[in-house]
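Survey of secondary and tertiary structure
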Amino acid sequence: MLFYSFFKTLVDKEVVVELKNDLCITGTLHSVDQFLNIKLLDISVAEPEKYPHMVSVKTCFIRGSVVRYVRLNPAFVDTELLQDASRREANNIKGAA
């Protein structure tokens, strides 16, 4: 749940999603779910000549299992909040074991 919670903090921010088929899509993160499926708005692709069918697409839904990387601006990452959340999750796992 840590990654899901982290990605929820990125809603309305611009991200680059690189897919396993090498397609890179830049867009505004609209939503993410617990399976890390991603919905992007106002998208553009890195190589439109390689993917001409994507030029007219403005919104897309990306299944979490096809995502290789999500690149984001380092300024969007609150490292203190992320460290605290990681500690809490680690403590929850230790407590359950």
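Definitions and limits used
- Residues numbered from 1 in each chain as written.
- Predicted model: local features only at pLDDT ≥ 70, side-chain atom pairs only at ≥ 80, totals over all residues.
- Heavy atoms only, no water.
- Helix = DSSP H or I, 4+ residues; strand = E, 2+ residues; numbered from the N terminus.
- Contact = heavy atoms within 4.5 Å.
- Areas by Shrake-Rupley, 256 points an atom, 1.4 Å probe, with all protein chains shown as cover.
- UniProt positions renumbered as here; feature names shortened; annotations may be inferred.
- Salt bridge = Lys/Arg side-chain N within 4 Å of Asp/Glu carboxyl O.
- Buried < 20%, exposed > 50% of the residue type's maximum accessible area, 1.4 Å probe, protein only.

**Examining the overall build of the protein**
In terms of regular secondary structure, the protein is built from two helices and five strands. From first element to last, N terminus to C terminus, the protein shows the α and β order α-β-β-β-β-β-α. A principal-axis box enclosing the C-alpha atoms of the protein has dimensions of 50 × 25 × 20 Å. Nonlocal contacts in the protein, meaning residues at least 24 apart in sequence, comprise 46% of its contacts between residues at least 6 apart. As displayed, the protein offers around 6600 Å² of accessible surface, 55% of which is attributable to carbon and sulfur atoms.

**Some thoughts on unusual backbone geometry**
Of note, the phi angle at Asp12 is positive, near 75°, even though the residue is not glycine. For Asp12, the location among the structural elements is in the loop between helix H1 (2–8) and strand S1 (14–19). With a phi angle near 65°, Leu36 is a residue other than glycine that sits in the positive phi range. Mapped onto the elements, Leu36 comes out in the loop between strand S2 (24–32) and strand S3 (38–45).

**With respect to the UniProt feature "domain: Sm" (unreviewed entry) in the protein**
As annotated by UniProt and renumbered to match this structure, "domain: Sm" (unreviewed entry) occupies residues 2–76. Strand forms 44% of residues 2–76 and helix 9%; the C-alpha atoms that close the span are 16 Å apart.

**Some words on the pattern of salt bridges**
A full pass over the atoms with the stated rule returns four salt bridges. Arg71 serves as the salt-bridge partner of Glu18, at 3.3 Å between the closest nitrogen and oxygen. With Glu18 in strand S1 and Arg71 in strand S5 (residues 67–72), this residue pair connects regions lying 53 residues apart in the sequence. The buried category is assigned to Glu18, whose relative accessible area is 15%. You can call Arg71 partly exposed: its relative accessible area is 41%. Notably, a salt bridge pairs Asp22 with Arg68, separated by 2.7 Å at the nearest N-O pair.

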